[in-house]
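Geometric and topological summary
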Amino acid sequence: MYGKPSFSVILLISLIFLSIILLSTTDLRSHLSPFLLLSIPTPSASPCRPLKVYMYDLPRRFNIAMMMPKKSEVDDDTPVTEKTLPMWPYRSGLRRQHSVEYWMMASLLWNGEGEGEGREVVRVSDPWNADVFFVPFFSSLSFNTHGHTMTDPETEVDRQLQVEVVNLLRQSEHWQRSQGRDHVIPMQHPNAFRFLRDELNASILVVVDFGRYPQSLSNLRKDVVAPYVHVVESYTDDDTSNPFESRTTLLFFRGRTVRKDEGKVRAILGKVLANYSDVRYESSFASDEGIRLSSEGMRSSKFCLHPAGDTPSSCRLFDAIVSHCVPVIVSDHIELPYEDEIDYSQFSIFFSFMEASKPGYMVEQLRQVPKDTWVKMWQRLKEVSHHFEFQYPPKKEDAVDMLWRQVRHKLPVVNLAVHRSRRLKVPDWWSQRR
């Protein structure tokens with residue numbers, strides 16, 4: 001007598017349960033194990049429309065004339081265009097790693113179709129229609145070209161260029177309207193814009209880390225962390241059937257072993273990592289031959305060591321990523337690019353200074369990483385490495401495209417600050433609170 005009602009209740013419950021499953025917006029991947037998540041590509045966070053950027057038309061002496069310092073280029077006051085943009089020389093040593101400013105400008109000059117379709121950014125000619133404003137001053141190249149020795153009289157050229165840029169911005173009604181908060185200014189080299197950087201502390205700065213910036217000038221809330229431009233060639237044919245066995249070196253490092261500030265850990269690591277047959281810890285200076293040997297070493301190693309240098313980050317980390325060598329990061333104060341979208345723990349291993357300085361500890365931990373775990377990390381490196389490629393023409397979700405997306409993520413903070421500043425009649429009390 002209870003058969004039919006019971007069957008009806010069961011059927012009703014089943015239909016409700018099925019409806020919940022079909023209509024649910026829950027991301028089922030959140031219930032998967034971490035190791036299964038490693039094989040899932042980073043989801044696209046593309047907005048419904050591209051970021052609209054107005055780029056100031058600066059004379060060439062502020063940017064490309066420093067790439068080819070002929071008098072005709074330095075004296076040319078016409079802005080660079082897509083047709084007059086020179087290609088960045090691949091073999092340009094350490095200058096290449098600080099060239100984010102060039103690639104960001106190039107992405108705004110590109111008007112072609114094909115690979116560039118669906119990108120995060122579009123250049124607008126009407127400044128009143130812009131979301132943000134880009135300042136195409138090559139401040140890192142200016143330091144590397146004119147002020148690299150810091151005490152050379154040529155440094156005055158770098159300082160004067162900075163003065164001219166700041167004066168130009170102060171005269172701009174768009175700078176005055178937002179007090180520079182919606183202006184994007186690359187400062188990739190730790191010494192870029194070193195004379196007048198305090199004048200730009202409200203702007204969206206593009207930096208590689210915060211090692212030489214006080215919090216009042218640069219911080220994660222308003223600024224964008226960029227990767228260094230890698231100097232080794234990308235490992236595009238890394239398709240071996242057994243990568244774990246073919247990479248015979250356990251841990252690899254090649255670079256300067258004597259640095260200042262947090263980089264003092266390199267000298268300690270040199271002692272801790274000595275006398276291991278499958279660990280290569282080599283001292284070298286940047287040169288074409290040194291870069292070639294670094295590339296060979298990374299491609300034949302399971303793990304690549306990234307200790308802090310003079311600042312928390314360095315190009316070596318991104319060389320390791322495009323070489324598909326699992327980064328081992330020893331830098332307590334490092335900040336990483338696109339970290340709101342990319343989980344670096346899926347393809348990197350982190351040690352604190354204290355942990356890495358213990359004799360035998362780091363090597364023993366690396367030896368205990370299972371083969372299948374390492375292979376998943378290697379596969380994840382191959383999936384994300386295109387996010388660290390700087391190229392022209394630009395491509396969707398390459399390094400510069402990701403940087404413009406990061407700029408977009410800063411807009412709510414920028415707009416809040418701009419809108420509040422327009423209606424405040426007294427000094428901002430939040431800046432006075434402790």
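Data block above holds the structure.
Our subject in this report is the structure included herewith. Just so you know, these numbers come straight off a predicted model, no measurement behind them.

Quick look at the pattern of salt bridges
Note on pairing: side chains with opposite charge can pair once their charged atoms come close. Inspection of the entire model under this criterion finds 17 salt bridges. A salt bridge links Lys 222 to Asp 223, with the shortest nitrogen-to-oxygen separation between them at 2.7 Å. With a closest N to O distance of 3.2 Å, Arg 247 and Asp 238 form a salt bridge. The class for Arg 247 is buried, based on a relative accessible area of 1%. Shared partners join several salt bridges into a network, and the residues in it are Glu 120, Glu 341, Glu 397 and Arg 405.

Regarding the nonpolar core
One broad rule of soluble globular proteins: the nonpolar side chains tend to lie buried together. Core analysis: the largest hydrophobic core is formed by 110 residues, its most contacted members being Leu 251, Phe 303, Leu 305, Met 362 and Trp 404. Setting aside anything within four residues of it in sequence, one finds Phe 303 in contact with Leu 250, Leu 251, Phe 252, Cys 325, Val 326, Val 328, Ile 349, Leu 366, Val 369 and Trp 374. Counting residues in each nonpolar core, the second largest holds 5 residues, with Phe 252, Met 298, Cys 304 and Ala 320 among its members.

Some points on the sheet that holds strand S6 (residues 224–225)
The strand order across the open sheet formed by 6 strands is S2-S1-S3-S4-S5-S6, and the pairing between neighbours is parallel. The sheet terminates laterally at strand S2 (121–123) and S6, the two strands that pair on one side only. By the bridge criterion, 3 bridges tie strand S1 (residues 51–55) to strand S3 (residues 132–134) in an arrangement that is parallel. Residue Tyr 54 lies in a different strand from S3, and its bridge partner there is Phe 133.

Here's the deal with the environment of His 419
On the secondary structure map, His 419 appears in helix H16 (residues 399–423). Here His 419 falls in the partly exposed class, since its relative accessible area comes to 48%. It is 8.7 Å that separates the C-alpha atoms of His 419 and Ser 178, two residues lying 241 residues apart in sequence.

Describing the environment of Gln 379
Tracing the sequence through the fold places Gln 379 in helix H15 (residues 371–384). Each C-alpha atom, one on Gln 379 and one on Phe 347, is 8.4 Å from the other, the two residues being 32 residues apart in sequence.

Some words on unusual backbone geometry
Comment: phi is negative for the bulk of residues other than glycine, and the bulk of peptide bonds are trans. Residue Pro 393 is reached from Tyr 392 by a cis peptide bond, and omega for that bond is 0°. Take Pro 393: it is sitting in the loop between H15 and H16. The phi dihedral of Asn 275 is positive, around 70°, even though this residue is not glycine. Within the secondary structure, Asn 275 sits in the loop between helix H10 (265–272) and strand S8 (279–283). A positive phi angle, near 60°, is found at His 324, a position not held by glycine. Structurally, the position occupied by His 324 is in the loop between helix H12 (315–322) and strand S10 (326–330).

Reading guide: rules and limits
Residues numbered from 1 in each chain as written. Predicted model: local features only at pLDDT ≥ 70, side-chain atom pairs only at ≥ 80, totals over all residues. Heavy atoms only, no water. Salt bridge = Lys/Arg side-chain N within 4 Å of Asp/Glu carboxyl O. Buried < 20%, exposed > 50% of the residue type's maximum accessible area, 1.4 Å probe, protein only. Core = buried A, V, L, I, M, F, W, Y, C linked by side-chain atoms within 4.5 Å. Contact = heavy atoms within 4.5 Å. Pairing = 2+ DSSP bridges. Helix = DSSP H or I, 4+ residues; strand = E, 2+ residues; numbered from the N terminus.

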